[in-house]
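# Close look at the chain arrangement
Residue strings, one per chain:
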Amino acid sequence: QVQLVESGGGLVQAGGSLRLSCAASGRTFSSYAMGWFRQAPGKEREFVAAISWSGGSTYYADSVKGRFTISRDNAKNTVYLQMNSLKPEDTAVYYCAADHEVGVGVREYDYWGQGTQVTVSS
């Protein structure tokens, strides 16, 4: 099992940047693919980005491609989401997730953090 704790959310103006972190417990972090998802009020949880266990492969939703970057540091058991050029429509609770296989679907991930709020003002 792996436990996940997100941090780094907050309030930022449109055009600004934030970096989210997701710290994982356990000694097997490097064996997990990691994903970031988000959920806005009244909407379903949606895929944002994912990274393979080695960091060699990354995947992005079209809505964030070119603005967000996912990365990981297996020595620190941490995955990051650098978010640049933020827009009001990026406002949501952001969740990190882990699974042994990388994927883009909510149902593909077994382990989830509690989420961190990101609010982008116009």
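See the structure printed just above.
Residues numbered from 1 in each chain as written. Predicted model: local features only at pLDDT ≥ 70, side-chain atom pairs only at ≥ 80, totals over all residues. Heavy atoms only, no water.

One pass over the full model with this rule turns up four salt bridges. Of the charged contacts in the structure, one is a salt bridge between Lys65 and Asp62, with a shortest N-O distance of 3.2 Å. (Salt bridge = Lys/Arg side-chain N within 4 Å of Asp/Glu carboxyl O.)

The antiparallel open sheet is built from four strands, whose spatial order is 1-3-8-7. Only two strands of the sheet have a single neighbouring strand rather than two, namely strand 1 (4–7) and strand 7 (68–73). For this sheet, the mean inter-axis angle between neighbouring strands, taken without regard to orientation, is 15°. Where strand 7 lies against strand 8 (residues 78–83), six bridges are found, and the strand directions are antiparallel. Paired with Ser71 across the strands is Tyr80, a residue of strand 8. (Pairing = 2+ DSSP bridges. Helix = DSSP H or I, 4+ residues; strand = E, 2+ residues; numbered from the N terminus. Axes fitted to C-alpha atoms, helices over the stretch in contact; angles between N-to-C directions.)

Considering the arrangement of structural elements, one finds Cys96 in strand 9 (residues 92–99). Residues contacting Cys96, with those up to four places away along its chain left out, are Leu4, Glu6, Cys22, Gly35, Trp36, Tyr111, Trp112 and Gly113. (Contact = heavy atoms within 4.5 Å.)

Most of strand 3 (residues 18–24) sits inside the fold, with five of its seven residues counted as buried. The pairing of strand 1 with strand 3 spans four bridges and is antiparallel. For Glu6, the partnering residue across the bridge sits in strand 3 and is Cys22. In this structure, strand 3 lies alongside strand 8, joined through six bridges in antiparallel fashion. Opposite Leu18, over in strand 8, you have Met83 as the bridge partner. (Buried < 20%, exposed > 50% of the residue type's maximum accessible area, 1.4 Å probe, protein only.)

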